[in-house]
Amino acid sequence: MGEIKSRHTGKWLMLVSAFLTATGQLFWKWGLTEWIYLGVGFLCYGVGAILMIKAFALEKLSVAYPLMCASYVFALIYGYFLLGEEITVQKLAAVVLLGIGVTLTSVDR
């Protein structure tokens, strides 16, 4: 069980990095009117970058980096729930295709 956990640690770190990157960018958008949000955004983005570097140390680049596309999914969710943006069929199809592509490139046997 320990080997499975360690084998996937880089992937999980990259997913958390993608989440923090999207979160940081959301706070930057809010920071256009509230300056404190800019600082929170930089903090999220910085921690995400550190986790990305750690993920690269633990995982192959060709496996880890495609997982950053998860940030698009997080951004779509943030846009819908927090910014009142519409989720269209085209956007949903794009996210599904990204998910398929990420899955195909991240499975390393």
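Residues numbered from 1 in each chain as written. Predicted model: local features only at pLDDT ≥ 70, side-chain atom pairs only at ≥ 80, totals over all residues. Heavy atoms only, no water.

A. Local environment of the environment of V40. Inspection of the secondary structure assignment puts V40 in helix α2 (residues 35–58). Taking the relative accessible area as the measure of exposure, V40 reaches 31% and is therefore partly exposed. Measuring from C-alpha to C-alpha, the distance between V40 and F27 comes to 6.6 Å, with 13 residues separating the pair along the chain. (Helix = DSSP H or I, 4+ residues; strand = E, 2+ residues; numbered from the N terminus. Buried < 20%, exposed > 50% of the residue type's maximum accessible area, 1.4 Å probe, protein only.)

B. Representation of the UniProt feature "transmembrane region" (unreviewed entry) in the chain in the model. Under the UniProt annotation, "transmembrane region" (unreviewed entry) lies at residues 12–30, 36–56, 63–83 and 89–107. End-to-end, the C-alpha atoms of residues 63–83 are 32 Å apart, and along that stretch the chain is 76% helix and 0% strand. End C-alpha to end C-alpha, residues 89–107 measures 27 Å, and it is 95% helix and 0% strand. (UniProt positions renumbered as here; feature names shortened; annotations may be inferred.)

C. The arrangement of the environment of G84 in detail. Summarising the element assignment, G84 is placed in the loop between α4 (70–83) and α5 (89–106). What makes G84 exposed here is its relative accessible area of 66%. Sequence-wise, G84 and L15 are 69 residues apart; in three dimensions their C-alpha atoms are separated by 24 Å.

D. Highlighting the side chain of E59. Secondary-structure assignment places E59 in the loop between α2 and α3 (61–64). An unpaired buried charge is present at E59: no salt bridge exists, and K11, the closest side chain of opposite charge, is 4.6 Å distant. With near-sequence residues (within four places) excluded, E59 lies in contact with R7, G10, K11 and A64. (Lys, Arg positive; Asp, Glu negative; His and termini not counted. Salt bridge = Lys/Arg side-chain N within 4 Å of Asp/Glu carboxyl O. Contact = heavy atoms within 4.5 Å.)

E. Main features of the nonpolar core. Core analysis: the largest hydrophobic core is formed by 10 residues, namely L13, M14, A18, M52, A55, A64, L67, M68, A70 and V102. Looking at this core element by element, the count peaks at 3 residues for helix α1 (residues 2–30). The residues touching M52, leaving out its near neighbours within four places in the chain, are M14, S17 and M68. (Core = buried A, V, L, I, M, F, W, Y, C linked by side-chain atoms within 4.5 Å.)

F. Geometry of the side chain of K11. Within the secondary structure, K11 is located in helix α1. If near-sequence neighbours (up to four positions away) are discounted, K11 is found in contact with E59, V63, L67 and S106.

G. Quick look at the UniProt feature "domain: EamA" (unreviewed entry) in the chain. The sites that carry the UniProt feature "domain: EamA" (unreviewed entry) are, in the present numbering, residues 15–106. Annotation note: span residues 15–106, helix share 83%, strand share 0%, distance between end C-alpha atoms 12 Å.

H. Molecular detail of a nonpolar patch on the surface. Among the surface-exposed residues, I77, Y80, F81, L82, L83, I87 and L92 lie close enough to one another that they form a single nonpolar patch of about 660 Å² accessible area. In terms of residue count, the dominant contributor to the nonpolar patch is α4 (5 residues). The topology assignment puts L92 in helix α5. (Patch = residues over 30% accessible without salt bridge, like charges linked within 9 Å, V, L, I, M, F, W, Y side chains within 5 Å. Areas by Shrake-Rupley, 256 points an atom, 1.4 Å probe, with all protein chains shown as cover.)

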